[in-house]
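An overview of the molecular structure
Chain by chain, the residues:
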Amino acid sequence: MANLLHVEPRTKFGKRNNRRLHWAGKLPAVLYGHGEEPVSLTLGAEQLEAAVRHGAKVVDLEGAASGKALLQDVQWDTFFHQVLHVDLLRVHAGEKVTVEVPIELKGEAPGVNDGGILEQLIHSVEIEVPLDVVPEKLHIKIGQLQLGGELFIKDISDLPAGATVLVDADELVVHCQVPAAEEEEAAEGETAEPEVIAKGKEKEEGEEGEGEKE
C-alpha cells in the first residue's frame, strides 16, 4: 500500500540550507519523470523514513505535487540512521515499474534439525511489476529444505501476477549445507584406509626383500 507524503516547494539550495532542513525535521527531494520538468521539493523526514523502513516502494504525494511516485533513490548517511536526500519518479496507475524487492525465507528447514547450516546467498531481487501490485517483500518457503538441498529464484512463492524477475530463474538463493568440520572428517575417513593398505604393502615388500638376501 502506498504511503501518503506531504511535499512543499524547495527554493533554497546548498549544503547549508540542507542542514537547516534536517534540523527542522525535513529533507530535500527531487521529483522527475514522464517528460515533465524536475521539481525540487521538501518533505517530512520522519514520514519518509517510516515509509522506507516498512518496505514501501510507491508513495502518494500531496501538497506542492500530487499523484504517485516511486522511491527511485534514497540516500542515507554513513550509519543508515538518517535519510539525506530522495529522488522520486512520477508513475501512473497501471504502468510497470522496475524495483528491487527483499527476499525472505518462510518456515523452518528440516535440514537444520539434522545438523545442517542454512545459508542465504541472495537477499533481494530486481523485478518489473505493475504499479498497483508492487510487493514490499517476496518469500521462498523452506519447509521442505533437506540437508544438502537448494532453492532458487524460480522457487519464489508469491511473485505478483504480471511481474517478471529480471535475473536468471536458476540463480541459487538458499541452501542447507553439511557443516565444514563434518565434511573434513568424512574426507579424512575416506583417505585413511588406502594409507593403511599402502603401508601394509610396503611392509610385505620389505619382508620379501629380506628373504631373498638370506
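None of the values given here were measured: they were computed from a predicted structure. (Residues numbered from 1 in each chain as written. Predicted model: local features only at pLDDT ≥ 70, side-chain atom pairs only at ≥ 80, totals over all residues. Heavy atoms only, no water.)

Some details on a positive patch on the surface
Worth spelling out the cut-off: Each patch is built from salt-bridge-free residues with over 30% relative accessible area, joining like charges within 9 Å and nonpolar side chains (Val, Leu, Ile, Met, Phe, Trp, Tyr) within 5 Å. Values of accessible area rely on a 1.4 Å probe in the Shrake-Rupley scheme; residue burial ignores everything except the protein chains shown. A pairing counts as a salt bridge when a side-chain nitrogen of Lys or Arg comes within 4 Å of a carboxyl oxygen of Asp or Glu. For the purpose of counting charges, residues Lys and Arg are taken to be positive, whereas Asp and Glu are taken to be negative. His and the chain ends are not included. In this description, the location of a charge corresponds to atom NZ of lysine, CZ of arginine, CG of aspartate or CD of glutamate. Helix and strand assignments come from DSSP, with helices taken as H or I runs of at least 4 residues and strands as E runs of at least 2, each series counted from the N terminus. Accessibility here uses a 1.4 Å probe with only protein chains present; expressed as a share of the type maximum, an area under 20% marks a residue as buried, one over 50% as exposed, and anything in between as partly exposed.
Side chains of Lys 12, Lys 15, Arg 16, Arg 19 and Arg 20 sit close together on the surface and give a patch of like positive charge. With respect to the secondary-structure elements, Lys 12 resides in the loop between strand 1 (3-9) and helix 1 (15-23). In this structure Lys 12 comes out as exposed when scored by relative accessible area, which is 55%.

Comments concerning the sheet that holds strand 12 (residues 164-165)
The cut-off we apply is this: Only strands that DSSP links by at least two bridges are regarded as paired with each other.
A sheet is described by the order of its strands in space; here 4 strands give the open sequence 10-7-9-12, paired in mixed fashion. The sheet terminates laterally at strand 10 (138-141) and strand 12, the two strands that pair on one side only. The pairing of strand 9 (residues 124-130) with strand 12 spans 2 bridges and is antiparallel. Looking at the pairing, Ile 127 lines up with Val 165 of strand 12.

Quick look at helix 2 (residues 45-53)
Our working definition: Along the arc lie the directions from the helix axis toward the C-beta atoms.
Turning to helix 2, its buried residues are Ala 45, Leu 48, Glu 49 and Ala 51. Taken down its axis, helix 2 places every buried residue within 160 degrees of arc, on the same side. Across from the buried face of helix 2, at angles greater than 90 degrees, the exposed residues are Glu 46 and Arg 53. A positive phi of about 85 degrees marks Gly 55, the residue just after helix 2.

Re the pairing of strand 4 (residues 58-63)
Here strand 1 pairs with strand 4 via 5 bridges, running parallel. Each residue of the ladder has a partner; that of Asn 3, found in strand 4, is Val 59. As paired elements, strand 4 and strand 5 (residues 67-76) share 4 bridges and run antiparallel to each other. The partner of Val 58 across the bridge, within strand 5, is Leu 70. Linking strand 4 to strand 5, which pair antiparallel, is a turn of 3 residues.

A word on the sheet that holds strand 5
Where we set the bar: Axis lines are fitted to C-alpha atoms, over the contacting stretch for helices. Their N-to-C directions set the angle, which ranges from 0 to 180 degrees. For this analysis, residues touch if any pair of their heavy atoms sits within 4.5 Å.
With respect to topology, 6 strands assemble into a closed barrel ordered 1-3-2-6-5-4, the strand pairing being mixed. Looking at each pair of strands side by side, their axes are set apart by 45 degrees on average, direction ignored. The sheet strands contacting helix 1 are strand 2 (26-33), strand 3 (36-44) and strand 6 (83-91), and the helix crosses strand 2 at an angle near 115 degrees. Where helix 2 meets the sheet, it contacts strand 1, strand 2, strand 3, strand 5 and strand 6, and its direction lies at approximately 90 degrees from that of strand 5.

What about the nonpolar core?
Let me state the cut-off plainly: We call a set of buried Ala, Val, Leu, Ile, Met, Phe, Trp, Tyr and Cys residues a nonpolar core when their side-chain atoms join them within 4.5 Å.
Residues Val 97, Val 99 and Ile 103 are the most contacted members of the largest nonpolar core, which totals 25 residues. Those elements that provide at least two residues to this core are strand 7 (96-106), strand 9, strand 10 and strand 13 (172-177). No other element matches strand 7, which puts 4 residues into this core. The contact partners of Val 97, leaving out residues within four places of it in the chain, are Leu 70, Val 91, Ile 127, Glu 128, Val 129, Leu 131 and Val 134.

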